[in-house]
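# Examining the three-dimensional arrangement
As a plain string of letters, each chain reads:
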Amino acid sequence: MAIEHLRRRTRRVSVARLPLAVGEFTAVGYRDRLRREHVALTHGRVSGGTPLVRVHSECLTGDAFGSLRCDCGEQLAAALDRIAAAGSGALVYLRGHEGRGIGLVNKLRAYEWQDRGLDTVDANLALGLPVDARDYRPAAAILRDLGIERLRLLTNNPDKVRALGRAGVDVVERVPLVVTHRSDNVRYLRTKATRMGHLWPATPEA
């Protein structure tokens, strides 16, 4: 799909200063054709060069509540730390990605199946839902709007690199984003590594 068409589907609606504990950021608000609202947090100069970028999927339980069942909240915090330390970069926060795109309540339903012994992949399938239904095209449009054409991507997920590439984003480097493994999420991390192809410098251990 042409990037100009993506830009028409996802448009900028606001820009505001957003001071964070880790540094000064600018929050740029977007709305896509499905009226989902996304935000890009930029730090320093992001156009030109190859800035450090995190494309982060919404996770209410991890990002807001601090759930230890996943590593999302810790990855969000670590990414902002890394971007601030680098002096420039951006974090694109994509709404509508809860539970890898199945929604909040369905994610909680999948948790029920996981409590019965299924892993995160089989739990989605048991509900008749896709393993991963995320759409990264809005992220591509947002990055282009910010003037970011080439970037270093903070992710452990090679599928995200490929999806952004198909949407016209030039990912010149995948930068690992590794956080603490915990007893509550080590099975989840192992499943992402063994069944979904996520990469870590070492196998997650309890």
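Shown above is the structure to which this text applies.
## Remarks on the pairing of strand 6 (residues 150–154)
Looking at chain direction, strand 4 (residues 52–57) and strand 6 are connected through two bridges and run parallel. Within strand 6, the position partnered with Leu 52 by the bridge is Arg 152. Examined bridge by bridge, strand 6 and strand 7 (residues 170–175) share five bridges and lie parallel to one another. Counterpart to Arg 152 in the pairing with strand 7 is Glu 173. After leaving strand 6, the chain enters helix 8 (residues 158–166) and then returns to the sheet as strand 7, a path that is right-handed.

## Re helix 3 (residues 72–86)
Between its first and last C-alpha, helix 3 extends 21 Å over 15 residues, near the 21 Å set by a 1.5 Å rise per residue. Positive phi appears at Gly 87, one or two residues downstream of helix 3, with a value of about 90 degrees.

## Examining the sheet that holds strand 5 (residues 89–94)
On the basis of which strands lie adjacent, the open sheet formed by seven strands has the order 1-2-3-5-4-6-7 and mixed pairing. At either margin of the open sheet sits one strand with a lone partner, and together these are strand 1 (10–20) and strand 7. Between one strand axis and the next, the sheet turns through 25 degrees on average, direction left out of account. Pairing of strand 2 (residues 23–32) with strand 3 (residues 37–43) involves six bridges; the strand directions are antiparallel. Pairing of Ala 27 across the sheet is with Leu 41, part of strand 3. Across the sheet, helix 7 (residues 137–145) touches strand 1, strand 2, strand 3, strand 4, strand 5 and strand 6, and the angle it forms with strand 5 is around 145 degrees.

## Overview of helix 8
Given 3.6 residues to a turn, an α-helix orients residues that are three or four positions apart in the same direction. All of the buried residues in helix 8 are Pro 158, Lys 160, Ala 163 and Leu 164. Each element contacted by the buried residues of helix 8 is listed here: strand 4, helix 7, strand 6 and strand 7. The N-capping residue of helix 8, defined by a side-chain oxygen 3.0 Å from the backbone nitrogen of Asp 159, is Asn 157. Looking one or two residues beyond helix 8, the residue adopting positive phi is Gly 168, at roughly 100 degrees.

## What about the pattern of salt bridges?
This structure, assessed with the given rule, holds 16 salt bridges. The salt bridge involving Asp 71 is made with Lys 192; its shortest N-O contact spans 3.4 Å. With a gap of 121 residues between them, Asp 71 in the loop between helix 2 (60–64) and helix 3 and Lys 192 in helix 9 (residues 186–196) connect regions that are remote in the sequence. Of the two residues, Asp 71 and Lys 192, neither departs from the other in class, the shared state being buried. The salt bridge involving Glu 112 is made with Arg 116; its shortest N-O contact spans 4.0 Å.

About the criteria used
- Residues numbered from 1 in each chain as written.
- Predicted model: local features only at pLDDT ≥ 70, side-chain atom pairs only at ≥ 80, totals over all residues.
- Heavy atoms only, no water.
- Pairing = 2+ DSSP bridges.
- Helix = DSSP H or I, 4+ residues; strand = E, 2+ residues; numbered from the N terminus.
- Right-handed = clockwise from strand over helix to strand, strands pointing away.
- Expected span 1.5 Å × (residues − 1).
- Axes fitted to C-alpha atoms, helices over the stretch in contact; angles between N-to-C directions.
- Contact = heavy atoms within 4.5 Å.
- Buried < 20%, exposed > 50% of the residue type's maximum accessible area, 1.4 Å probe, protein only.
- Polar contact = N/O pair within 3.5 Å; in protein donor to acceptor, adjacent residues only side chain to side chain.
- Salt bridge = Lys/Arg side-chain N within 4 Å of Asp/Glu carboxyl O.

Geometric descriptors of this kind do not, in isolation, establish any biological role.
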